[in-house]
Amino acid sequence: MDRSGLLIPPHMVGRIYSVYCKDFVAYNEITYYPKKYLNVLTGPNGTGKSTIVSAIILGLGGDPQLLDRSSSISDYIKSNKNSATITITIYGRENDCKEAFKRIINNNGDSRFFVNSKDMSKTKFLKIIASYNIQVSNLCQFLPQDRVQDFSKMNPQELLVNTMSSVCDQELIQNFNDLKEMRVKLLSAHADRAKEKDSLQKEQKRLEQLQVTVNQFQERQGILQKLNIYKANKLWTEVTVGKTKIKNLKDQLDKAQVTCKTHKKMYESQKRAQQEISQKTSDLRNKTLEQVQLISQTNATKSGLESQLENIKHKINESKCDLERNVQQATKSKNEVNQIMQLVETKKHELQEFNKYKLDVLKELDEHKNKINKTRETTMSQYNKRRELETMLNDEKIPEITALCHKIERLQNIKTQKIEQLRTQNPNLVEAMSWVAQNKHKYRSHIYDPMIFELSIKSEEGAMYLENVVRQRDLYAFACEDKNDMSDLINELCVKQRLSVNVMYCAPGNRCLHTSAVPITEITSMGFSSYLVDLVSGPIPIINKLCGTYQIHNIPIGTNDVGNYTSSIPKSIRLFFGGTKKFLLTTSRYRSDFILTESTIRRKFQLISLDSKQLKSLKDRHAKSVCEKDQIRNKLVEVDNEFDRLQIVLREEGEKKRKLEQKLAHYGNLESEVKKLLEKVDTINKSFSSLVTLQEAFKKNLMIDLKKIYTVECQLLQILETTDKLLTKKKLNQVMEHVHKQQHESQINTLTECEEQFKNSTCIVEKLETSMQMQAKEIDSKTLEVQRLCNGQLPINKDFSFKSEFEELSRLDLDQIREAIVEFQARLECMKDVNSEAITDFHQRQEQVEELKKLIDHKANLEKNVESEISNLFSKWEPRLTNLIETISTKFGAFMESISYVGEVVLSRKDIHDFNSYGIQIMVQYRKDAKLQTLDKYIQSGGERAVAIAIYSLSLQHVTNVPFRCVDEINQGMDATNERNIFELLLKEATKEGSAQYLFVTPKLLRDLNYNKHLCVSVVHNSGSMKPNAKFPQC
């Protein structure tokens, strides 16, 4: 593609000169040279039109997220290549000067950026691009194919920012940002000042509360001062009295000490005489103690001998008892042997009797065993038969009946199934149906649910035909009999609740207003059986709507034979069905011939139909299965009865068998029992000796024990004689000690009296000394307390501060002072105790209140300054913004009016100074009977939104300073009329002299356009199906 001639440099700055791609997406290598005005890129889908737009965005530093295709930049590298290169060359600011922006994308996701072959960071790269007013992230300048719908998703605030950015008036944008910042600063200052005012009020209230506390504290301090003076005066009086007491105690102590010394000399003289007497008494006592110890030893020996004697006697008694016990046991054992021998004879006789009829018992036992085995085999066969019947019932019949019930229930409740299916496929419709069902009473006329629920189709074929005639949009649409109800319902569901549902109007009526143009009897011979309207039943207004919109009363339905009569069918019938074929009769646009189009149709399963034949078949199968189930249950009852009978037989035979086996076991055990009894007799006989032997052993042991008794008793007599002698000596010593004590008892009494006098006099001295010390300590402590109460001074000091108070109190006696102290203490106790910290808190809060007042004044001045700055800046910025939006709105309205629509662009805001709420709202009206509505994805269709976006983009052409614009397939979703109108507007506006460069991507080029010299159409051919070495002309 050749380059065009240069414009005047100021107008050319920033426009694209060329786009170079290498190994990018589907391109090996390409260079695209756009013209200076409108450039249209067209070609079949998948040839790489949008790839060029992607290359421009990514080559100018854009992120892959802007394209809304892949989030990884490496995905844009051609397959089996390691890197991709994009070079965007634009016109520079000087004559014949161009700027080349290059980006190399590596397969690890990294990119390198170059400006005029100079490597640099991405930040500097983007800064240079921004200096040319190129904004790749602004949807008003770059609108990729995959982000066309994102334009309508922008909120008013985003649209305003993007619009101002596309205008490239930096002062306007900067002023807007400054206003928002100042607004935030003003609100913050206002909030801070309000908080500080609240804090000031709280502090002032707290000060008022603390003032009461301070007053109480001062009053308390005054009473406390008086109390301290009275206490100090009382204490000083007590100190004076105490000194007098000490003087008296000193005189008493001197006299007591003289008396104590006299008593001490007398006590010591008597004590020495007493010590001599005590020594002799001690000697006599020691001799008595020695006699007592010897007596204790002889008593201990005597006790040992007596214990030994008792043990021998006990042993003799035990031996005698053992002899008697053995004699009794021998007698008892002899009796037991006799009894056992009798029992043995009895059991032997019983065995002889049993052996006579043992064979008969064994024969009878075998008969019972055989009968039990046969009965068990029969029982097992009955059990197996029952299991087979249960398996047939539980695993076959009951599941079959349950499955048939579910199938019948599903066939009879298709509507519920359809709602559950739509709950995942179209949740908006289900939510809307639920809301309408609860709020139908709010509307004037009846509101019908979507047709798929209101219409009843007589057969599956009828549902298939209707699905291939009526658009899905109408099948899923609510129907209103009142137009005002329709508008209110659209506003509620689509605008307020933002649900993607359709609502249509159908005129009320009580009979069908349409009749077939050709009676069915005239075309029955051609294979037709009925019209489509005959297969559908439902509310009359909906039937009339279908007849008026889709002419279902003129669509005949027939068999496959219809295809043989297509030439004979009346031309007034434009659409008819034959079997699974759809026939459509149309008129040629260029000739008067009719064109018959035949196509195969299939069921879409959108409508609800009921298959009566299948339902009848399922019910018959269900009844048959229930009958078979009952028969099986009857057989089970018979088997259970037989099984119970066999169980009774088994129990009876088992009981007889058990009794015979017990009998055999009993007689089998008799032989072993006889052997055991004989062994027991031998054991008893061996375990006992003869009685004579036992008696001789007893006599021998008895003689030995009697000799031991004699020896012990001799020793015991000797011990008793020794004990009598020791007791005599002990009594003699005790008599001598008693006589000595009586002789010297008066001496002991005299010593005791002297000792008592000495202790009493010593105690008196100690008491007087203690009293003097305590009195001295008390005087010292009271003196210190007086000093503490009088600020470290004493009344004897010349500069005593409370001399006058003490002189006044001197007229009172001590009891009066004490009463006054009690009174002051009572008053203090009645007064509330004040924490000293509250006083400190009071003074600190006074300082804080003053600081808060200064801070509030400062914030108020700051608010006034900010408000003044906002007012000055707003007076400059707001007229410019209003003028910009009015200019855009004028162009937007004119463009919309030129294609028979209404539109305007308005500035939206909550408050004049709420700059964060400032935004742009695009208002459109596509129907004459509707109101202007905000452009919104929930209200307008995709085609309507595309028209508004395209016209808004064109409206910016007159106010923006961007060097170029890129719009990719914005005409997708438009109908033919809107597509042509938009393209003609684009051609008119984008080819004006001096307008910005425009790149428009579309998959198709409309016929009969008014081309001019500023339009360049480029056809993109880049497909795997291209012929090799194919060449195309360049523009």
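Residues numbered from 1 in each chain as written. Predicted model: local features only at pLDDT ≥ 70, side-chain atom pairs only at ≥ 80, totals over all residues. Heavy atoms only, no water.

**What about the pattern of salt bridges?**
Logical step 1: The final tally for this structure, using the stated rule, is 16 salt bridges.
Logical step 2: With a closest N to O distance of 4.0 Å, Lys 496 and Glu 492 form a salt bridge. With Lys 496 and Glu 492 both in helix 13 (residues 483-496) and 4 residues apart, this pair spans about one turn of that helix.
Logical step 3: Residue class for Lys 496 comes out exposed when judged on its relative accessible area of 58%. (Salt bridge = Lys/Arg side-chain N within 4 Å of Asp/Glu carboxyl O. Helix = DSSP H or I, 4+ residues; strand = E, 2+ residues; numbered from the N terminus. Buried < 20%, exposed > 50% of the residue type's maximum accessible area, 1.4 Å probe, protein only.)

**A look at the environment of Ile 970**
Logical step 1: Within the secondary structure, Ile 970 sits in the loop between strand 22 (964-968) and helix 23 (976-990).
Logical step 2: In this structure Ile 970 comes out as buried when scored by relative accessible area, which is 3%.
Logical step 3: Between the alpha carbons of Ile 970 and Arg 945 there is a distance of 9.7 Å; along the sequence they are 25 residues apart.

**Description of the packing of helix 22 (residues 942-955) against helix 23**
Logical step 1: Where helix 22 contacts helix 23, the axes come no closer than 10 Å and their chain directions differ by 10°. Between helix 22 and helix 23, the angle is such that the two are roughly parallel. Taken together, the residues of helix 23 that come into contact with helix 22 (itself represented by Val 947, Ala 950, Ile 951 and Leu 954) are Asn 978, Ile 982, Leu 985, Leu 986 and Glu 989.
Logical step 2: Of the residues contributing to the contact of helix 22 with helix 23, the split by class is 7 nonpolar, 1 polar and 1 charged. (Axes fitted to C-alpha atoms, helices over the stretch in contact; angles between N-to-C directions. Parallel < 35°, antiparallel > 145°, perpendicular 65-115°, else oblique. Contact = heavy atoms within 4.5 Å. Nonpolar A, V, L, I, M, F, W, Y, C, P; charged D, E, K, R; others polar.)

**Observations concerning the sheet that holds strand 20 (residues 919-925)**
Hydrogen bonds between backbone atoms are what pair the strands of a sheet, whose relative direction is either parallel or antiparallel.
Logical step 1: The strand order across the open sheet built from 3 strands is 19-20-21, with neighbouring strands paired in antiparallel fashion. Looking at which strands have only one partner, the edges of the open sheet turn out to be strand 19 (902-908) and strand 21 (933-934). (Pairing = 2+ DSSP bridges.)

**Notes on the nonpolar core**
Logical step 1: Within the largest apolar cluster, 62 residues are counted, with the highest numbers of intra-cluster contacts made by Leu 455, Leu 466, Val 469, Phe 478, Leu 489, Leu 493 and Ile 552.
Logical step 2: It is helix 9 (residues 427-439) that contributes the most residues to this core, 6 residues altogether.
Logical step 3: Setting aside residues no more than four positions away along its own chain, Leu 489 makes contact with Trp 435, Val 436, Tyr 443, Ile 447, Phe 478, Cys 480, Cys 494 and Val 503. (Core = buried A, V, L, I, M, F, W, Y, C linked by side-chain atoms within 4.5 Å.)

**Thoughts on helix 11 (residues 460-467)**
Logical step 1: In terms of burial, helix 11 is a largely internal element, 6 of the 8 residues being buried.
Logical step 2: The set of residues buried in helix 11 consists of Gly 462, Ala 463, Met 464, Tyr 465, Leu 466 and Glu 467.
Logical step 3: Buried residues along helix 11 sit in contact with strand 10 (456-457), strand 14 (536-537), strand 15 (556-558) and strand 16 (575-578).

**Re the confidence of the model for the protein chain**
Logical step 1: Taken over all residues, the pLDDT of the protein chain has a mean of 79, while the share at 70 or more is 89%.
Logical step 2: Long-range and interchain partners of residues 1-8, a stretch whose pLDDT sits below 50, account for 21 contacts in this model, where long-range means more than four residues apart. (pLDDT = per-residue confidence, 0-100.)

**Section: the packing of helix 9 against helix 13**
Logical step 1: The geometry of helix 9 relative to helix 13 is characterised by a closest axis approach of 11 Å and an angle of 135° between their N-to-C directions. When the axes of helix 9 and helix 13 are compared, the pair comes out oblique. Crossing hand, helix 9 versus helix 13: right-handed. The residues of helix 13 that touch helix 9, namely those facing Ala 432, Trp 435 and Val 436, are Leu 489, Glu 492 and Leu 493.
Logical step 2: Of the residues assigned to the contact of helix 9 with helix 13, the class counts are 5 nonpolar, no polar and 1 charged. (Left-handed = near helix turned anticlockwise from the far one by under 90°.)

**Things to note about the packing of aromatic side chains**
Logical step 1: Per the counting criterion, the structure on display carries 18 aromatic pairs.
Logical step 2: Note on Tyr 17 and Tyr 91: the rings are 5.7 Å apart at their centroids and 85° apart in plane angle, and the pair reads as edge-to-face. Of this pair, Tyr 17 sits in strand 1 (residues 16-24) while Tyr 91 sits in strand 4 (residues 83-91), placing them 74 residues apart in sequence. The residues Tyr 17 and Tyr 91 share a single accessibility class, namely buried.
Logical step 3: When the ring of Phe 892 is compared with that of Tyr 952, the centres are 6.4 Å apart and the planes differ by 70°; the resulting orientation is edge-to-face. Taken together, the residues span a long stretch of sequence, with Phe 892 in helix 21 (residues 836-898) and Tyr 952 in helix 22 at a distance of 60 residues.
Logical step 4: The exposure class of Tyr 952 is buried, given its relative accessible area of 0%.
Logical step 5: Within the aromatic cluster, the residues linked to one another by ring pairs are Phe 176, Phe 874, Trp 877, Phe 915 and Tyr 918.
Logical step 6: The ring of Phe 114 has Lys 102 lying over it, and the distance from NZ or CZ to the ring centre is 5.5 Å.
Logical step 7: A cation over a ring is seen here: Lys 483 above Tyr 505, with NZ or CZ 5.3 Å from the ring centre. (Phe/Tyr/Trp six-rings, centres within 6.5 Å; stacked < 30°, edge-to-face > 60°. Lys NZ or Arg CZ within 6 Å of the ring centre and 35° of its normal.)

**What to know about the side chain of Ser 530**
Logical step 1: Within the element layout of this structure, Ser 530 appears in strand 13 (residues 528-531).
Logical step 2: Those residues within four positions of Ser 530 in sequence are excluded, and the remaining contacts are Ile 520, Leu 535, Ile 555, Pro 556 and Ile 557.

**Some words on the pairing of strand 6 (residues 111-115)**
Logical step 1: Bridge count between strand 5 (residues 98-106) and strand 6: 5 bridges; the pairing is antiparallel. Residue Phe 101 lies in a different strand from strand 6, and its bridge partner there is Val 115.
Logical step 2: Following strand 5, the chain reverses through 4 residues before pairing antiparallel with strand 6; Gly 109 in that reversal takes a positive phi of roughly 95°.
Logical step 3: Here strand 6 folds back onto strand 7 (residues 118-120), and the loop between the two strands holds 2 residues, one of which, Asn 116, carries a positive phi near 55°.

**Things to note about the sheet that holds strand 9 (residues 447-448)**
Logical step 1: Strand order in this open sheet of 3 strands is 9-11-12, and the pairing throughout is mixed. A strand with exactly one partner marks an edge of an open sheet, and here the two such strands are strand 9 and strand 12 (503-505).
Logical step 2: Inspection of the sheet shows strand 11 (residues 478-480) paired to strand 12 by 3 bridges, in the parallel sense. When the bridges of strand 12 are listed, Cys 480 appears paired with Tyr 505.
Logical step 3: Sitting on the sheet, helix 13 touches strand 9, strand 11 and strand 12, and the angle it makes with strand 12 is about 175°.

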